[in-house]
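Each chain, letter by letter, is given below.
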Amino acid sequence: MSNVDVSLIIPCFNEEASVPPIFDEIKKTLTPIDKSFEILFIDDGSRDNTLAVLRSLASLDSAVHFISFSRNFGKEAALLAGLQAAQGDYIVTMDADGQDPPSLIPGMLDAVASGEFDCAGTRRVTRKGEPAIRSFFAGRFYSLMKKISDIEVLNGARDFRLMNRKYLLALLELQERNRFSKGIFPWIGFKIKWFEYENIERKKGKTKWSFWRLFLYSLDGMTAFSSKPLAIASLTGFLIFLASVASIAFIVIRKLIWGDPVSGWTSTVCIILFCSGVQLFTTGILGQYAAKIYTEVKHRPHYLIREAQ
Ligand code: UDP
Ligand code: MG
């Protein structure tokens with residue numbers, strides 16, 4: 001079909017220090033294998049010298065290609081660009097920072113090439129080296145996702161995967177702009193073999209995921225793969241409606257029996273504050289979905305390419 005057996009897709013955002021070592025490591029692991037491969041770097045609008053590093057690698061080695069975006073579009077867009085451009089029969093997605101060990105690739109390739117599995121996924125079983133607060137919130141996020149969505153997002157599953165073409169084509173059928181890979185992978189199904197390994201700390205440069213960015217990403221994930229928050233909003237509204245019917249009955253009966261002495265300022269203010277709080281909260285949930293619909297219907301491209309080789 002194609003003249004490349006394995007395509008490696010590596011998104012890079014300000015990774016000038018990480019690209020050369022990961023490239024060397026990949027070369028070292030894959031050269032002994034009797035397969036042809038291409039390494040496709042996606043420069044996601046880096047503001048350092050990543051693009052220059054990629055240009056020089058590509059001019060030295062014909063197996064190296066790159067796509068450079070016009071600005072930073074995010075890792076999901078970079079992955080998508082790579083998946084769309086990959087030529088190989090088997091496709092690997094991995095990070096540039098050395099957290100995804102290339103030494104796992106031969107084993108992953110065997111699992112998928114045997115035909116028994118369509119995809120080899122990796123999971124880190126420890127979160128060694130990660131701030132405790134981050135692991136805690138990650139844990140809460142995964143258990144919440146499990147409760148509110150039908151898909152199971154595995155804690156510790158990484159975007160380091162090896163897949164066959166069938167799996168790749170299935171991934172590309174999902175056209176959504178709000179691409180939450182951690183949910184897309186379990187959603188499409190197929191047979192997956194998991195490889196587990198200990199967490200490896202980023203070798204060079206620093207993580208692009210601040211706590212705030214991770215928090216927003218988790219909201220994206222929830223709205224993309226669950227409509228339960230909407231159900232929770234309606235249910236809250238319904239419960240408050242029931243409570244209000246009960247209190248109306250109570251107030252009316254009290255008036256009929258004891259007349260209407262002017263009192264109850266405190267309770268009135270509490271009720272107003274409570275109801276407006278709940279209203280803002282539920283409108284906020286609605287707003288999250290409306291915003292997502294807005295970005296979907298605009299149908300803007302996922303990314304724009306400035307240079308490619
Ligand atoms: N990345 C990207 N675009 C972004 C942010 C990150 O292409 O906007 C790339 C980054 O260069 C790296 C990978 O995505 O290769 C994972 O990023 P990072 O290591 O910062 O995330 P972490 O491992 O901390 O989850
Ligand atoms: Mg990393």
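Before reading on, note that the structure itself is shown above.
Residues numbered from 1 in each chain as written. Chains lettered and ligands numbered in written order. Predicted model: local features only at pLDDT ≥ 70, side-chain atom pairs only at ≥ 80, totals over all residues. Heavy atoms only, no water.

Section: the overall build of the protein chain
What the protein chain contains, in helices and strands, is 10 helices and eight strands. Its C-alpha atoms give the protein chain a radius of gyration of 25 Å, clearly above 19 Å, the size a compact globule of 309 residues would have. Considering the protein chain as a whole, with its 309 residues, one finds that 43% of them fall into the buried category. By element, 63% of the accessible surface of the protein chain is carried by carbon and sulfur atoms, the whole surface being about 16,900 Å². (Helix = DSSP H or I, 4+ residues; strand = E, 2+ residues; numbered from the N terminus. Rg over C-alpha atoms; globule rule 2.2 N^0.38 Å. Buried < 20%, exposed > 50% of the residue type's maximum accessible area, 1.4 Å probe, protein only. Areas by Shrake-Rupley, 256 points an atom, 1.4 Å probe, with all protein chains shown as cover.)

Concerning the pairing of strand β6 (residues 157-164)
Burial runs high along β6: eight of the eight residues are buried. Where strand β4 (residues 90-93) lies against β6, four bridges are found, and the strand directions are antiparallel. Of the residues in β6, the one forming a bridge with V92 is L162. By the bridge criterion, four bridges tie strand β5 (residues 119-124) to β6 in an arrangement that is antiparallel. In the sheet register, A120 faces β6, and the bridge partner there is L162. (Pairing = 2+ DSSP bridges.)

Overview of the coordination of the magnesium ion (ligand 2)
Ideal geometry at a metal gives 109.5 degrees between four tetrahedral donors and either 90 or 180 degrees between six octahedral ones. Protein coordination at the magnesium ion (ligand 2) comes from D97 (OD) and Q99 (OE1), with a distance range of 1.8 to 1.9 Å. Both residues of the pair, D97 and Q99, belong to the buried class. (Donors = N, O, S within 2.8 Å, 3.2 Å for Na, K, Ca; no water.)

With respect to the sheet that holds strand β7 (residues 192-197)
Strands pair in a sheet through their backbones, by hydrogen bonds, and they do so in one of two ways: parallel or antiparallel. Taken together, eight strands build an open sheet; the order of strands is β7-β5-β6-β4-β1-β2-β3-β8 and the sheet is mixed. At either margin of the open sheet sits one strand with a lone partner, and together these are β7 and β8 (305-308). Strand-to-strand twist across the sheet, computed as the mean angle between neighbouring axes with direction ignored, equals 20°. Sheet topology places β5 next to β7; six bridges connect them, and they run parallel. Within the sheet, the bridge partner assigned to C119 lies in β7 and is I192. Where helix α2 (residues 50-60) meets the sheet, it contacts β1 (6-12), β2 (37-43), β3 (64-69) and β8, and its direction lies at approximately 155° from that of β3. (Axes fitted to C-alpha atoms, helices over the stretch in contact; angles between N-to-C directions. Contact = heavy atoms within 4.5 Å.)

What to know about the pattern of salt bridges
Summed over the entire model, instances satisfying the criterion amount to nine salt bridges. A salt bridge links K75 to D95; the nearest nitrogen and oxygen atoms lie 2.9 Å apart. Pair noted here: K75 is in helix α3 (residues 75-85) and D95 is in the loop between β4 and α4 (105-113), with a separation of 20 residues, a long-range link. Residue classification places D95 among the buried residues on the basis of a relative accessible area of 14%. Here R123 ties to E196 by a salt bridge, and the two come within 3.7 Å at their closest N and O atoms. Here the residue R123 occupies a position in strand β5, and E196 occupies one in strand β7, the gap between them amounting to 73 residues. Linked by salt bridges that have partners in common, K75, D95, D100, R158 and D159 make up one network. (Salt bridge = Lys/Arg side-chain N within 4 Å of Asp/Glu carboxyl O.)

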